[in-house]
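Survey of secondary and tertiary structure
Okay, here's what each chain looks like letter by letter:
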Amino acid sequence: PAESARGREPPELGSRAGHGPLPVFLPVRFSTTLLLYDVNGRAVRELLRGTLAAGQHRLRWDGRGGDGSRLGAGLYFARLSCGDRTLVRRVAMVP
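In this report, the structure presented in the accompanying data block is examined. (Residues numbered from 1 in each chain as written. Predicted model: local features only at pLDDT ≥ 70, side-chain atom pairs only at ≥ 80, totals over all residues. Heavy atoms only, no water.)

Considering the sheet that holds strand β6 (residues 55-59)
The following threshold applies: Two strands are said to pair when DSSP picks up at least two bridges between them. Strands here are runs of E lasting at least two residues and helices are runs of H or I lasting at least four, both read from the DSSP assignment and numbered beginning at the N terminus.
Pairing within the open sheet is antiparallel, and its 3 strands lie in the order β1-β3-β6. Edge strands, defined here as strands with exactly one partner in the open sheet, are β1 (12-13) and β6. The pairing of β1 with strand β3 (residues 22-26) spans 2 bridges and is classified as antiparallel. Counted as the bridge partner of E12 is F25 from β3.

Considerations on the pattern of salt bridges
Let me state the cut-off plainly: A pair is scored as a salt bridge if a Lys or Arg side-chain nitrogen falls within 4 Å of a carboxyl oxygen belonging to Asp or Glu. Relative accessibility thresholds used throughout: buried, under 20% of the residue-type maximum; exposed, over 50%; partly exposed, between the two (1.4 Å probe, protein chains only).
Within the structure shown, the criterion is met by 3 salt bridges. Note that R42 is salt-bridged to D38, the shortest N-O span being 2.5 Å. On the accessibility criterion, R42 (54% relative accessible area) is exposed. Salt-bridge contacts for D62 lead to R45; the nearest nitrogen and oxygen are separated by 2.8 Å. Taken together, the positions of D62 in the loop between β6 and β7 (74-82) and R45 in strand β5 (residues 43-52) put the pair 17 residues apart, joining distant regions of the chain.

Digging into the nonpolar core
Where we set the bar: Residues grouped as a nonpolar core are buried Ala, Val, Leu, Ile, Met, Phe, Trp, Tyr and Cys residues, joined through side-chain atoms within 4.5 Å. The contact rule is simple, with two residues in contact once any of their heavy atoms fall within 4.5 Å.
Membership of the largest hydrophobic core comes to 20 residues, with the highest contact counts inside it found for L13, L34, W61, Y76, A78, L80 and V91. Put simply, the parts of the chain that give this core at least two residues each are β3, β4 (30-38), β5, β7 and β8 (85-93). The element that contributes the greatest number of residues to this core is β7, accounting for 4 residues. Setting aside its immediate chain neighbours within four residues, A78 contacts L13, L22, L34, L35, L36, L87, V88, R89 and V91.

A word on the environment of V24
Along the chain, the position of V24 falls in strand β3. V24 gets classed as buried once you look at its relative accessible area, which sits at 0%. Considering only alpha carbons, one finds V24 and L80, 56 residues apart in sequence, at a separation of 8.7 Å. For V24, the contacting residues outside a window of four places in its chain are E12, L13, G55, Q56, H57, L59 and L80.

Some details on the pairing of β7
Residues in a regular strand point their side chains to alternate faces of the sheet. Sheet topology places β4 next to β7; 7 bridges connect them, and they run antiparallel. In the strand pairing of β7, D38 is matched with Y76. Count of turn residues in the β7/β8 antiparallel hairpin: 2 residues, of which G83 carries a positive phi of about 60°.

Thoughts on the pairing of β8
Across 9 bridges, the pairing between β7 and β8 is antiparallel. Note that in β8 the partner of L80 across the bridge is L87.

A short note on the packing of aromatic side chains
Here a ring pair, both rings aromatic, is described through the centre-centre distance and the interplanar angle of the planes. Keep this limit in mind: Working definition: a ring pair exists when centres of Phe, Tyr or Trp rings (six-membered ring for Trp) sit within 6.5 Å. Plane angles under 30 degrees give stacked, over 60 give edge-to-face, the rest tilted.
For the structure on display, the rule yields 1 aromatic pair. Centre to centre, the rings of W61 and Y76 are 5.3 Å apart; their planes meet at 75°, and the pair counts as edge-to-face. Of the two residues, W61 sits in the loop between β6 and β7 while Y76 sits in strand β7, which places them 15 residues apart along the sequence. Across the pair, Y76 and W61 agree in class, each one buried.

Next up, the structure:
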(Lines give C-alpha, C1' and ligand atoms only; values in the text may rest on other atoms or scores of the structure.)
Protein backbone atom coordinates (compact mmCIF):
# COMPACT_ATOMS: atom_id res chain seq x y z
CA PRO A 1 0.00 0.00 0.00
CA ALA A 2 1.12 3.54 -0.68
CA GLU A 3 2.42 5.52 2.27
CA SER A 4 0.32 8.58 3.05
CA ALA A 5 1.89 12.01 2.66
CA ARG A 6 1.42 12.50 6.41
CA GLY A 7 3.43 9.32 7.12
CA ARG A 8 6.47 10.72 5.27
CA GLU A 9 6.60 13.85 7.43
CA PRO A 10 9.27 13.93 10.15
CA PRO A 11 8.34 14.01 13.83
CA GLU A 12 8.18 17.49 15.35
CA LEU A 13 9.00 18.75 18.83
CA GLY A 14 7.96 22.28 19.71
CA SER A 15 9.47 24.45 22.40
CA ARG A 16 7.75 26.16 25.27
CA ALA A 17 8.26 28.58 28.10
CA GLY A 18 6.73 28.58 31.54
CA HIS A 19 4.28 25.89 32.43
CA GLY A 20 2.53 25.31 29.11
CA PRO A 21 2.44 21.95 27.34
CA LEU A 22 5.28 20.72 25.15
CA PRO A 23 3.83 20.02 21.68
CA VAL A 24 4.87 16.81 19.91
CA PHE A 25 3.73 15.70 16.46
CA LEU A 26 4.29 12.15 15.24
CA PRO A 27 3.44 11.27 11.63
CA VAL A 28 3.09 7.57 12.52
CA ARG A 29 2.95 5.46 15.69
CA PHE A 30 6.40 5.45 17.35
CA SER A 31 8.16 3.98 20.34
CA THR A 32 9.13 7.28 21.93
CA THR A 33 11.34 8.63 24.71
CA LEU A 34 11.30 12.22 25.93
CA LEU A 35 14.05 13.24 28.35
CA LEU A 36 14.78 16.64 29.89
CA TYR A 37 18.35 17.82 30.49
CA ASP A 38 19.78 20.78 32.36
CA VAL A 39 22.34 23.13 30.77
CA ASN A 40 25.15 20.91 32.09
CA GLY A 41 23.85 17.94 30.12
CA ARG A 42 22.51 16.01 33.12
CA ALA A 43 19.24 14.15 32.58
CA VAL A 44 16.82 15.64 35.10
CA ARG A 45 13.55 13.95 34.15
CA GLU A 46 12.13 11.29 31.88
CA LEU A 47 8.75 12.60 30.73
CA LEU A 48 7.84 9.73 28.48
CA ARG A 49 8.94 6.22 27.58
CA GLY A 50 6.41 4.28 25.57
CA THR A 51 4.50 4.10 22.33
CA LEU A 52 2.57 7.11 21.10
CA ALA A 53 -0.05 7.05 18.37
CA ALA A 54 0.33 9.18 15.27
CA GLY A 55 -0.88 12.74 15.65
CA GLN A 56 -0.49 15.82 17.81
CA HIS A 57 0.30 15.36 21.51
CA ARG A 58 0.72 17.94 24.27
CA LEU A 59 2.99 16.73 27.06
CA ARG A 60 3.07 18.50 30.39
CA TRP A 61 6.08 19.05 32.59
CA ASP A 62 5.38 20.19 36.11
CA GLY A 63 8.87 21.66 36.59
CA ARG A 64 10.00 18.77 38.80
CA GLY A 65 13.01 16.53 38.46
CA GLY A 66 12.94 12.75 38.44
CA ASP A 67 13.20 12.70 42.24
CA GLY A 68 10.12 14.92 42.60
CA SER A 69 11.99 18.05 43.66
CA ARG A 70 11.13 21.37 42.06
CA LEU A 71 13.80 22.47 39.59
CA GLY A 72 14.91 26.07 39.37
CA ALA A 73 13.99 28.57 36.71
CA GLY A 74 16.27 28.45 33.71
CA LEU A 75 16.99 26.78 30.43
CA TYR A 76 16.51 23.05 29.90
CA PHE A 77 16.63 20.85 26.83
CA ALA A 78 14.00 18.33 25.73
CA ARG A 79 15.28 15.37 23.70
CA LEU A 80 12.68 13.39 21.79
CA SER A 81 13.82 10.03 20.41
CA CYS A 82 11.49 8.13 18.08
CA GLY A 83 12.41 5.60 15.48
CA ASP A 84 15.78 6.58 14.01
CA ARG A 85 15.28 10.28 14.76
CA THR A 86 16.31 12.43 17.69
CA LEU A 87 15.11 16.02 18.10
CA VAL A 88 16.30 18.51 20.71
CA ARG A 89 14.56 21.76 21.69
CA ARG A 90 15.13 24.40 24.34
CA VAL A 91 12.62 24.57 27.16
CA ALA A 92 12.56 27.67 29.36
CA MET A 93 11.28 27.21 32.90
CA VAL A 94 10.12 30.57 34.20
CA PRO A 95 8.92 31.27 37.74
